[in-house]
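# Chains, contacts and geometry: an overview
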Amino acid sequence: MDKLAIRGGKALEGSIQISGSKNASLPIAVAAGILGASESRIHNVPNLQDIHTLMGVLRHLGVEIEYADGTLHVGASPRLSVEAPYDLVRRMRASVYVLGPLLARFGRARVSFPGGCAIGARPVDLHLRGMEALGASIRIEHGYILAEADRLRGARFNLEGPRGASVGATANTLMAAVLAEGHTEIECAAMEPEIADLADFLTQMGAKIDGAGTPVISVEGVSKLRGTEYKAPPDRIEAASYLAAGAITRGNVRILGAERKHMGAVLGKLTEADIWIDWTGNDAQVTVPNGIRSVDVETATYPGFPTDAQAQYMALMCLAEGRCEIAENIFTERFMHALELQRMGAQIAVTGSRAVVTGVESLTGAPVMASDLRAGMALVLAGLAAKGETVVSRVYHIDRGYERIEEKLAAVGADIRRIRE
Ligand code: EPZ
């Protein structure tokens, strides 16, 4: 398993190109592969492990799909297997996205229950609630979800879960509803930009959708969807992560090709922390003229502060001036990075879903371990600012969500190298 060795203390200087959004590309690739009666091309898709894992799942179903130079070429699929096996689904829970489209197109699906992961239990009860509302019969046996429906029928259902809306359940049920007979209303739908992008893609395929990006999405079912061409939006979490890299090293970094309107909550908090972000079109320059101020944050569903930026923000607050409280309201186990940051000298007190971070003068490099992709990035950020060497292990977590991380950071002056093992 690869490691990243970082010698910290260098102020980063230069530009970082933001890659396409992983979390927008994944459901769009599923929609193209299973719902499209003709070919699709999806551009600006990042070259990430998760993308290749999903390609493996789609190929197993019989979808012809290739990745070349940032573009996914997805063939038309007249007939497909409807079974997504455990050994594929367990590698990436987003594989469960195939459930709704298989059910909508072929009336059957047998999909392995996705496993949990380091950030907590990852249930799919809300996905199943939507499928049942659309008329599917659901059975769970031997770790598999068996779903059947002669013809999905439009319905009104509410997807509110214990933490509010669910991105995955919204995407999955939306991809089922577009081919269901009649009118569907999805209440308490996730408002994340990735849902709006999925809806845009489906609309280009011929679907009839209103309200994506709001809490209620309305769908008029159609009988067929054709392939189309689309460009994935920039990754808003990668953009936030590299703004944090510029800030934590007190450097002068410009991120290129970001989508400002998707980053409101993060930009608001960084600005409140006295981090200066100057936009020119889709590019943003980050500098820290004085110190970083400690500012409280609560993660929330969109448009609130994204849980996927919480770990990176915590790393930043470890070197801020003062004390702040970080509340993680979306996942139950998303403070694993705190234990590793403490090994680098951070002062963090975790109590349940809240962490109090007291800023320190400096961190010291240490051997640390990534537990999920965003925690891994938090450790890289801390390593970039720490005195001495930090070696981050289990880098495969980071490779799931960050394209060419060591190249992008080395290009702006970071002393970082990959140790292949
Ligand atoms: C998506 O995961 C993202 N993944 C996650 O990003 C992100 O952290 C998450 O949304 C929240 O924004 C992709 O888009 C591939 P949820 P998802 O369903 O859909 C509970 C990353 O870093 N819930 O919105 O799985 C759930 O336990 C990843 O790229 C149910 O209770 O998240 C959680 O507490 C990590 N029942 C909350 O809802 C369900 O059926 C939000 O989960 C589904 C979810």
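For the structure itself, look to the data block above.
These remarks concern the structure in this document. Computed from a predicted model, the values in this text were never measured in an experiment. Each chain carries its own residue numbering, running from 1 in the written order of its sequence. For this predicted model, a pLDDT threshold of at least 70 governs which residues receive local features, and a threshold of 80 or more governs which side-chain atom pairs are given and counted, while totals over whole chains, interfaces and linings are taken from all residues. Values shown for side chains rest on all heavy atoms present in the structure; no hydrogens or waters enter the calculation.

## Regarding the nonpolar core
Applied cut-off: The criterion is simple. A nonpolar core is a set of buried Ala, Val, Leu, Ile, Met, Phe, Trp, Tyr and Cys residues joined through side-chain atoms within 4.5 Å. Only protein chains enter the area calculation, which uses a 1.4 Å probe; residues under 20% of their type maximum are buried, those over 50% are exposed, and those in between are partly exposed. Working definition: helices are DSSP H or I runs of at least four residues, strands are E runs of at least two. Numbering for both runs from the N terminus. Whether two residues are in contact is decided by their heavy atoms: any pair within 4.5 Å suffices.
Leu 35, Leu 72, Val 98, Leu 174, Val 178 and Leu 202 are the most contacted members of the largest nonpolar core, which has 77 residues in total. If one sorts the elements of this core by residue count, helix α1 (residues 22-35) sits on top with 8 residues. With residues near it in sequence (within four places) discarded, Val 178 still touches Leu 35, Leu 202, Ala 207, Ile 209, Val 219, Glu 220, Gly 221, Val 222 and Leu 225.

## A word on the site of the ligand
The following threshold applies: The criterion for a residue being near a molecule or strand is simple. One of its heavy atoms has to lie within 4 Å of it. What qualifies as a polar contact is a pair of N or O atoms within 3.5 Å, subject to a donor-acceptor requirement within protein and to the restriction that residues adjacent in sequence count only when both atoms come from side chains. For every accessible area listed, the method is Shrake-Rupley and the probe measures 1.4 Å; residues are considered covered only by the protein chains on display. Under the grouping applied here, Gly and all other residues not named as nonpolar or charged are polar, the nonpolar ones being Ala, Val, Leu, Ile, Met, Phe, Trp, Tyr, Cys and Pro and the charged ones Asp, Glu, Lys and Arg.
Residues in contact with the ligand amount to 25 residues; listed here are only the nearest, Asp 125, Leu 126, Ser 166, Asp 308 and Ile 330. Asp 125 has a polar side-chain atom sitting 2.7 Å from a nitrogen atom of the ligand. The separation between an oxygen atom of the ligand and a polar main-chain atom of Ile 330 is 2.4 Å. Burial of the ligand by the surrounding chains reaches 91%, relative to a free accessible area of 810 Å². Elements with a contribution of two residues or more to the shell around the ligand: α1, α5 (125-133), α6 (167-177) and α12 (373-385). In terms of residue class, the shell around the ligand is made up of 12 nonpolar, 5 polar and 8 charged.

## A closer look at the environment of Glu 421
Counting through the fold element by element, Glu 421 comes out in the segment after β24 (415-419). Among the residues examined, Glu 421 registers a relative accessible area of 57% and is labelled exposed. Each C-alpha atom of the pair Glu 421 and Glu 238 lies 25 Å from the other, and the pair is 183 residues apart in sequence. When residues no more than four places from it in sequence are discounted, the contact partners of Glu 421 are Met 1, Asp 2 and Lys 3.

## Regarding the sheet that holds strand β18 (residues 297-298)
The following threshold applies: Any two strands between which DSSP finds at least two bridges are classified as paired. With axes taken as lines fitted to C-alpha atoms, and helix axes fitted only over the stretch in contact, angles between N-to-C directions fall between 0 and 180 degrees.
Spatial ordering of the open sheet is given by β18-β19-β21-β20, a layout of 4 strands whose pairing is mixed. Only two strands of the sheet have a single partner each, and these edge strands are β18 and β20 (347-351). Its contacts with the sheet put helix α10 (residues 310-317) on β18, β19 (323-327), β20 and β21 (354-358), and the angle it makes with β19 is roughly 170 degrees.

## Points about empty space enclosed by the protein
Operational definition: Computed over the protein atoms alone on a 1 Å grid, cavities are sets of points where a 1.4 Å probe fits but cannot get out and pockets are open sets with protein on both sides within 12 Å along at least five of seven lines; a residue lines them when it has an atom within 4 Å of a point. Grid points are joined across faces, edges and corners, and a volume is the space filled by probe spheres set on the points.
Applying the stated criterion to the full structure yields 1 cavity of 30 Å³ or more. Estimates place the volume of the largest cavity at around 80 Å³. Lining the largest cavity, in full, are Ile 237, Ala 240, Ser 241, Ala 244, Val 266, Leu 270, Phe 305, Ala 309, Gln 312, Tyr 313 and Leu 316. By residue number, the principal contributor to the lining of the largest cavity is helix α8 (residues 236-248), which donates 4 residues. Here the lining of the largest cavity is built from residues that sort into 9 nonpolar, 2 polar and no charged.

## Thoughts on the pattern of salt bridges
What counts here: The term salt bridge refers to a side-chain nitrogen of Lys or Arg lying within 4 Å of a carboxyl oxygen of Asp or Glu.
In the structure shown here, the tally under the stated rule is 25 salt bridges. Linking Glu 325 and Arg 354 is a salt bridge whose minimum nitrogen-to-oxygen distance equals 2.8 Å. In this pair, Glu 325 is assigned in strand β19 and Arg 354 in strand β21, connecting sequence segments 29 residues apart. Of the residues examined, Arg 354 reaches a relative accessible area of 31% and is grouped as partly exposed. The salt bridge partner of Asp 399 is Arg 418, with a shortest N-O separation of 2.8 Å. Separated by 19 residues along the polypeptide, Asp 399 in helix α13 (residues 396-399) and Arg 418 in strand β24 bring together distant segments of the chain.

## Here's the deal with the environment of Ile 255
As for its placement among the helices and strands, Ile 255 is situated in strand β15 (residues 252-256). According to the relative accessible area criterion, Ile 255 is buried, its value standing at 0%. Residues Ile 255 and Asp 283 lie 28 residues apart in sequence; the distance between their C-alpha atoms is 5.6 Å. Once you skip the residues sitting within four places of it in the chain, Ile 255 turns out to touch Ile 16, Ile 18, Ala 239, Tyr 242, Leu 243, Asn 282, Asp 283 and Ala 284.

## Let's talk about the pairing of strand β7 (residues 108-112)
Counting buried positions along β7 gives 4 out of 5 residues, so the element sits mostly inside the fold. Strand direction decides the pairing type here: strand β6 (residues 83-84) and β7, joined by 2 bridges, are parallel. Within the sheet, the bridge partner assigned to Ala 84 lies in β7 and is Val 111. Of the strand pairs in this sheet, β7 and strand β9 (residues 144-148) are connected by 5 bridges, and their pairing is antiparallel. Within β9, the residue paired with Ala 109 across the bridge is Ala 147.

## Things to note about the pairing of strand β4 (residues 65-68)
Residues of β4 alternate between two faces, with Ile 65 and Tyr 67 buried on one and Glu 66 and Ala 68 left unburied on the opposite face. Two strands pair when backbone bridges link them, and β4 and strand β5 (residues 71-74) are joined in this way by 4 bridges, in the antiparallel orientation. Directly across from Ala 68, in β5, lies its bridge partner Thr 71.

None of this, on its own, says anything about what the molecule does.
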